[in-house]
Amino acid sequence: MNFKIREALGYSSIYIEPNCPSYIEHRADCDTSVEFCGYKLKLPVIASPMQDVCDGEMARQMWHEGCLGIIHRFMDIKEQVNEYCLATRDGGGMIGVAVGVGKDWYERVSELYTVGAKLFCV
């Protein structure tokens, strides 16, 4: 195939004009917070409930940074309950837990709910 380029534009060739003016003087004045499930997150960041990404300690740290962590489900029920309890010790904030729809899903949800879990990721 033979293509002919007739015109090329660079960054200095394009000007985007906003529809409304911004009165923010400094980027530190911006508020990135969002309300999610009745909680205010400082940053709209959610850690993926994957085995190598978010366990109880990561979920706890995410909450302390104003984000949300969801504890992965690739462990037995008792271990996930323990991870949740460790993550929420000392009144830790919103911590999510992942559950599947396999044979033990009802037992997993029941046990996690019993210890205080309210946010479930299916």
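Provided above is the structure to which this section pertains.
Just so you know, these numbers come straight off a predicted model, no measurement behind them.

Student: Can you walk me through the overall build of the protein chain in this structure?
Tutor: Along its length, the protein chain carries three helices and six strands. N-terminal to C-terminal, the α/β element order of the protein chain is β-β-β-α-β-α-β-α-β. In terms of overall dimensions, the protein chain has C-alpha extents of about 65 × 50 × 20 Å along its principal axes. Per-residue burial over the protein chain gives 28% buried out of 122 residues. Put simply, of all contacts in the protein chain between residues at least 6 apart along the chain, 49% involve residues at least 24 apart.

Student: Teacher, can you tell me more about the sheet that holds strand E5 (residues 96-98) here?
Tutor: What holds strands together in a sheet is hydrogen bonding between their backbones, with the strands either parallel or antiparallel. Strand order in the open sheet formed by four strands is E3-E4-E5-E6, with parallel pairing between adjacent strands. Two strands in the sheet have a free side with no partner beyond their single neighbour: strand E3 (46-47) and strand E6 (119-121). The pairing of E3 with strand E4 (residues 68-71) spans two bridges and is parallel. Note that in E4 the partner of Ile46 across the bridge is Leu68.

Student: Where do I start with the side chain of His72 in this structure?
Tutor: On the secondary structure map, His72 appears in the loop between E4 and helix H2 (77-87). In contact with His72, other than residues within four places in its own chain, are Pro49, Met50, Gln51, Cys54, Asp55, Gln80 and Ala98.

Student: Is there a simple way to think about a nonpolar patch on the surface in this case?
Tutor: Taken together, the side chains of Leu9, Ile14 and Ile16 define a hydrophobic patch exposed on the protein surface, amounting to about 350 Å² of accessible area. Examined against the element boundaries, Ile16 turns out to sit in the segment before strand E1 (34-36).

Student: Teacher, can you tell me more about helix H1 (residues 56-64) here?
Tutor: Structural remark: α-helix, 3.6 residues per turn; residues separated by three or four positions point the same way. Among all positions of H1, only Gly56, Ala59, Arg60 and Met62 are buried. Buried residues of H1, viewed axially, fall in a sector of 160°; they line one side. Those residues of H1 that are buried lie in contact with E3, E4 and H2.

Student: What's the story with the pattern of salt bridges in this structure? I'm lost.
Tutor: Opposite charge on two side chains makes pairing possible when the charged atoms of those side chains draw close. Overall, the coordinates contain three salt bridges when judged by the stated rule. One salt bridge connects Lys78 with Glu111, and the closest N-O pair in it is separated by 3.0 Å. Here Glu111 lies in helix H3 (residues 105-114) and Lys78 lies in helix H2, a separation of 33 residues in the sequence. With a relative accessible area of 57%, Lys78 lands in the exposed category. For Arg108, the salt bridge is made with Asp104, and the minimal N-O distance between the two is 3.5 Å. Look at Arg108 and you get buried, because its relative accessible area is 7%.

Student: What exactly am I supposed to notice about the nonpolar core here?
Tutor: Nonpolar side chains in soluble globular proteins generally cluster together in the buried interior. Counting residues in hydrophobic clusters, the biggest one holds 16 residues, and the most contacted among them are Ala59, Ile71, Tyr84, Ile95, Val97, Leu112 and Ala117. Elements supplying a minimum of two residues to this core: H1 and H2. Of the residues forming this core, the biggest block, four residues, is contributed by H2. If we skip the residues at most four places from it in the chain, Ala117 touches Tyr84, Val97 and Leu112. The next biggest cluster of nonpolar side chains, apart from the first, holds six residues, and it includes Leu68, Ile70, Ala98 and Leu119.

Cut-off values and rules
Residues numbered from 1 in each chain as written. Predicted model: local features only at pLDDT ≥ 70, side-chain atom pairs only at ≥ 80, totals over all residues. Heavy atoms only, no water. Helix = DSSP H or I, 4+ residues; strand = E, 2+ residues; numbered from the N terminus. Buried < 20%, exposed > 50% of the residue type's maximum accessible area, 1.4 Å probe, protein only. Contact = heavy atoms within 4.5 Å. Pairing = 2+ DSSP bridges. Patch = residues over 30% accessible without salt bridge, like charges linked within 9 Å, V, L, I, M, F, W, Y side chains within 5 Å. Areas by Shrake-Rupley, 256 points an atom, 1.4 Å probe, with all protein chains shown as cover. Salt bridge = Lys/Arg side-chain N within 4 Å of Asp/Glu carboxyl O. Arc of directions from axis to C-beta. Core = buried A, V, L, I, M, F, W, Y, C linked by side-chain atoms within 4.5 Å.

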